[in-house]
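Residue-level structural notes
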Amino acid sequence: QVQLVESGGGLVQAGGSLRLSCAASGRTFSSYTMGWFRQAPGKEREFVAGITRSGGSTDYADSVKGRFTTSRDNAKNTVYLQMSSLKPEDTAVYYCASRLGAVVAGTRDYAYWGQGTQVTVSS
């Protein structure tokens, strides 16, 4: 089993930046593809970004391409989401999740989830 803990959320002004971290427990972190998702109030959880187990391939939602970057450090069992040029519409609870296999956008395809971290972007 994998336990995931997100951190780094907070309040930021529009145009600002934040870096989220997701720390994983266990020895098999490098076996898992990692995904980032977000959920705004009254909306469904949506895919934001994903990174393969080696870090060699990433994928992003169109809404964040060019502004967000995901990376990972397998030695530290941690995946990151660097968010820049933040907009009020980026306000949401951000979750990391893990799965075996390729990066996919479906929430049901991820087996393990963190508890989420709140990101609020003020205008």
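Structure: above.
Residues numbered from 1 in each chain as written. Predicted model: local features only at pLDDT ≥ 70, side-chain atom pairs only at ≥ 80, totals over all residues. Heavy atoms only, no water.

Our focus in this paragraph is the nonpolar core. In this structure, M34, W36, V48, F68, L81, M83 and Y94 are the most contacted members of the largest nonpolar core, which totals 28 residues. Listed by contribution, the elements that provide at least two residues to this core are β3 (18-24), β4 (33-39), β5 (46-51), β8 (78-83), β9 (92-99) and β11 (117-122). Top element by residues in this core is β3. It accounts for four residues. Leave out the neighbours within four places in its chain, and Y94 touches E6, L20, F37, R38, V48, F68, L81, M83, G116, T117 and V119. Of all hydrophobic cores here, the second largest spans five residues; its members include F37, F47, A97 and Y110. (Core = buried A, V, L, I, M, F, W, Y, C linked by side-chain atoms within 4.5 Å. Buried < 20%, exposed > 50% of the residue type's maximum accessible area, 1.4 Å probe, protein only. Helix = DSSP H or I, 4+ residues; strand = E, 2+ residues; numbered from the N terminus. Contact = heavy atoms within 4.5 Å.)

Burial of β3 is extensive: five of the seven residues sit out of reach of the surface. Where strand β1 (residues 4-7) and β3 come together, four bridges link them in antiparallel fashion. Along β3, the bridge assignment pairs V5 with A23. Bridge count for β3 against β8 is six bridges, and the pairing is antiparallel. For A23, the partnering residue across the bridge sits in β8 and is T78. (Pairing = 2+ DSSP bridges.)

This brings us to the sheet that holds β1. What the four strands build is an open sheet, ordered β1-β3-β8-β7; its pairing is antiparallel. Each edge of the open sheet is held by one strand with a lone partner, namely β1 and β7 (68-73). Strand-to-strand twist of the sheet, defined as the mean angle between neighbouring strand axes without regard to direction, takes the value 15°. Looking at chain direction, β7 and β8 are connected through six bridges and run antiparallel. Of the residues in β8, the one forming a bridge with F68 is M83. (Axes fitted to C-alpha atoms, helices over the stretch in contact; angles between N-to-C directions.)

Turning our attention to the pairing of β9. Burial within β9 is extensive, with seven of its eight residues counted as buried. In this structure, β4 lies alongside β9, joined through seven bridges in antiparallel fashion. If you follow R38 over to β9, its bridge partner there is Y94. Pairing of β9 with β11 involves three bridges; the strand directions are antiparallel. Counterpart to A92 in the pairing with β11 is V119.

A few words on the state of the cysteines. Applying the stated rule across the entire model yields one disulfide. The partner cysteine of C22 in its disulfide is C96, sulfur to sulfur 2.0 Å. Of note, the bridge from C22 to C96 carries an S-S torsion of about 55° and is right-handed in sense. Of this pair, C22 sits in strand β3 while C96 is found in strand β9, placing the two residues 74 residues apart along the sequence. The same class applies to C22 as to C96, namely buried. (Disulfide = S-S within 2.5 Å.)

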